[in-house]
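Survey of secondary and tertiary structure
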Amino acid sequence: MEGKVKAVAKELNNNGIHFETKLQQEEESVTQEIQVKCDDKISEEEKNKICLMRALVEKQDPSSKEVDDYEIRRFLRARELDVDKASAMLLKCLKWKKNIAPNGTISASEAPNEIAHNKMFMQGVDKQGRPIAVILGARHFHNKLGGFGYANSDARAYIGALSILQDCYPERLEKILGVHIPYLFWTLWKIISPFIDNKTKKKIIFVENKRLMTTLLQDIDESQIPEIYGGKMPLVPIHEA
């Protein structure tokens, strides 16, 4: 892919007036969009690499035109601004999305068993305004047994979920707090952890039961903490939220 990046760069440089004009035309709208959405401005280096990456990826997958600059930047940041690696990562993600959801979304009728478990909740925000998701691992069953035990120890599912997070939604995850972790999980963790990249692994924190509320309150206001963890917000399944 390195050769393709160089070819795109050469093409852009050979057409320097158009390239510079395009940046100038987009700069104002990009700045306005940043001011509305957040205070995190895209640097000049990132702008140039976004433009280069966009030209490269669009040649291989025209659907990438729908991906905005912020999303492209996330892939770049996940790969230390390496255009080659970020482009490969984005192309792989786009291919996965087309396979997993050809119509763009997955309807409730396509996942009735998973929904029936009531294991996923998404409500409330942390002190920085980031949305909070709650997943009750004990409600995940890959067979008909109950309670947290081997029935919930679905290593393939956990590895798959973490792979999707780190490979298809880079720079979206701020932190994972593991609470009320049963002893059995640590055996499973030894199987899962080698499949997690270091950046994602550093975001996973296992909380001691005696420090649960203290730890949660560092990032989340009591009004946004679920009642089951000592807060004031009742849990509502994601499909009912």
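I will try to describe carefully the structure that is included in this document. What you see is a predicted model; the values in this text were computed from it and never measured.

**Things to note about the packing of aromatic side chains**
Tallying each qualifying case throughout the model produces six aromatic pairs. With a centroid separation of 6.1 Å and an interplanar angle of 25°, the aromatic rings of Phe 185 and Trp 189 are classed as stacked. Of the two residues, Phe 185 and Trp 189 are both situated in helix H8 (residues 183-192); the distance of four residues between them amounts to about one turn of the helix. Look at Trp 186 and Phe 206: their rings are 4.8 Å apart centre to centre, the planes differ by 70°, and that puts the pair in the edge-to-face class. In this pair, Trp 186 is assigned in helix H8 and Phe 206 in strand E4 (residues 204-206), connecting sequence segments 20 residues apart.

**Quick word on the nonpolar core**
Within soluble globular proteins, side chains that are nonpolar generally end up buried alongside one another. By size, the foremost hydrophobic cluster in this structure holds 21 residues, and its most contacted members are Met 53, Val 57, Ile 72, Phe 75, Leu 76, Val 83 and Leu 90. Contributions of two or more residues to this core are made by helix H3 (44-60), helix H4 (69-78) and helix H5 (83-100). Among the elements that line this core, the one with the most residues is H5, at seven residues. Once residues lying within four places of it in the same chain are set aside, the contact partners of Ile 72 are Ile 50, Met 53, Arg 54, Val 67 and Leu 90.

**Looking at the environment of Asp 197**
Residue placement: Asp 197 occurs in the loop between H8 and helix H9 (198-201). Sequence separation between Asp 197 and Leu 162 is 35 residues, and the spatial gap between their C-alpha atoms is 9.5 Å. Side-chain polar atoms of Asp 197 contact the backbone nitrogen of Lys 199, separated by 3.2 Å.

Criteria and cut-off values
- Residues numbered from 1 in each chain as written.
- Predicted model: local features only at pLDDT ≥ 70, side-chain atom pairs only at ≥ 80, totals over all residues.
- Heavy atoms only, no water.
- Phe/Tyr/Trp six-rings, centres within 6.5 Å; stacked < 30°, edge-to-face > 60°.
- Helix = DSSP H or I, 4+ residues; strand = E, 2+ residues; numbered from the N terminus.
- Core = buried A, V, L, I, M, F, W, Y, C linked by side-chain atoms within 4.5 Å.
- Buried < 20%, exposed > 50% of the residue type's maximum accessible area, 1.4 Å probe, protein only.
- Contact = heavy atoms within 4.5 Å.
- Polar contact = N/O pair within 3.5 Å; in protein donor to acceptor, adjacent residues only side chain to side chain.

Functional significance is not addressed by these values, which are geometric in nature.
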